[in-house]
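# Structure at a glance
Now for the letters of each chain:
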Amino acid sequence: MIRATLLAVLAGAMLLAGTAGASAQTGGLVSGAVTGVERNDAGELTAFSIVDETGATHRFQVGADTEYGLENQAGDRWTAKHSAEPVEAARRLEDNQRRFAPVTVSASGGEALSVVQKESGRLETNLGYLFAVFAVTWAAFFAYIFVVSRRQRDLDRQIAQLKATLEEDS
């Protein structure tokens with residue numbers, strides 16, 4: 001249901017953008033969600049389109065020198081040149097399209113030079129840091145408990161000595 005809603009919102013944004021947004025990017029960086037993947041008869045990626053945050057659609061051709069740096073849902077990074085794995089490039093971009101995973105495209109003259117996973121501070125990429133902070137926090141907590149228990153034992157021992165001294169004096 002969420003996917004259908006997102007598709008409807010995305011389709012609405014594309015309709016609002018109209019034909020003015022359906023232009024090829026002439027240069028620079030564009031970030032957005034993959035909306036279309038075009039393959040040739042051999043299943044190799046030939047072009048793809050993305051929609052940016054303004055709703056504008058950008059179509060990019062791919063060449064032999066196009067470089068990819070994409071992640072799957074588990075966070076495993078895949079890097080390759082288009083000339084080496086054009087079928088896998090199409091599959092990875094289609095995976096990003098299904099997951100609405102944002103990508104950043106560096107382009108020149110309507111041809112994608114590089115396609116990488118957009119840096120968005122996603123939770124999946126920060127889980128290692130979260131675990132490290134969690135482990136350090138628990139280690140500090142147990143170290144604190146250890147120090148407090150030693151001090152408590154020392155105080156108990158001193159109280160017992162004082163009691164013994166008081167009983168001897170009386």
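These lines cover the structure that appears in this document, whether it is placed above or below. (Residues numbered from 1 in each chain as written. Predicted model: local features only at pLDDT ≥ 70, side-chain atom pairs only at ≥ 80, totals over all residues. Heavy atoms only, no water.)

### Some words on the environment of Glu53
Our working definition: Helix numbering and strand numbering both begin at the N terminus, where a helix is a DSSP run of H or I of at least 4 residues and a strand a DSSP run of E of at least 2. A 1.4 Å probe rolled over the protein chains alone gives each residue an accessible area, and that area as a share of the maximum for its type sets the label: buried under 20%, exposed over 50%, partly exposed in between.
For Glu53, the location among the structural elements is in the loop between strand E3 (45-51) and strand E4 (57-71). Taking relative accessible area as the criterion, Glu53 reaches 67% and is therefore assigned exposed. Here the alpha-carbon distance between Glu53 and Gly32, two residues 21 residues apart in the chain, equals 6.4 Å.

### Looking at the pairing of strand E6 (residues 102-108)
Note on strand geometry: in a regular strand, side chains alternate between the two faces of the sheet. Our working rule: Two strands qualify as a pair provided that DSSP identifies no fewer than 2 bridges between them.
For E6 and strand E7 (residues 111-117), the ladder comprises six bridges, and the chain directions are antiparallel. Looking across to E7, one finds that Ser108 is bridged to Glu111. Taking the residues between adjacent antiparallel strands as the criterion, E6 and E7 are bridged by two residues, where Gly109 takes a positive phi near 65°.

### Observations regarding unusual backbone geometry
Although it is not a glycine, Phe100 adopts a positive phi angle of roughly 55°. As for its position among the elements, Phe100 is in the loop between helix H2 (86-99) and E6.

### What about the nonpolar core?
The cut-off we apply is this: Buried Ala, Val, Leu, Ile, Met, Phe, Trp, Tyr and Cys residues that are joined via side-chain atoms within 4.5 Å together make up what is termed a nonpolar core. Between two residues, a contact is recorded if the distance between any of their heavy atoms is within 4.5 Å.
Among the nonpolar cores identified, the biggest contains 20 residues, and Leu45, Phe48, Tyr68, Leu93, Val105 and Val115 are the most heavily contacted of them. Those elements that provide at least two residues to this core are strand E2 (27-39), E3, E4, strand E5 (77-81), H2, E6 and E7. It is E4 that contributes the most residues to this core, four residues altogether. The residues contacting Val115, other than those within four sequence positions of it, are Phe48, Thr66, Glu67, Tyr68, Gly69, Leu70, Leu93, Val103, Thr104 and Val105.

### Let's talk about the pattern of salt bridges
As a reminder of what qualifies: By definition here, a salt bridge exists when the distance from a side-chain nitrogen of Lys or Arg to a carboxyl oxygen of Asp or Glu is within 4 Å.
With the rule as written, the count across this model stands at nine salt bridges. Of the charged contacts, one joins Glu94 and Arg39 as a salt bridge, the two residues approaching to 2.7 Å between their closest N and O atoms. One end of the pair, Glu94, is in helix H2; the other, Arg39, is in strand E2, and 55 residues separate them in sequence. Residue Glu94 is classed as partly exposed on the basis of its relative accessible area, which comes to 22%. Measuring nitrogen to oxygen at the nearest pair gives 3.9 Å for the salt bridge that ties Asp65 to Lys81. You can see Asp65 sitting in strand E4 and its partner Lys81 sitting in strand E5, a full 16 residues away along the chain. Owing to a relative accessible area of 55%, Asp65 belongs among the exposed residues under this scheme. Judged by relative accessible area, Lys81 falls into the partly exposed class, the value being 36%. In this structure, a network of salt bridges that share partners links the residues Glu88, Arg91 and Arg92.

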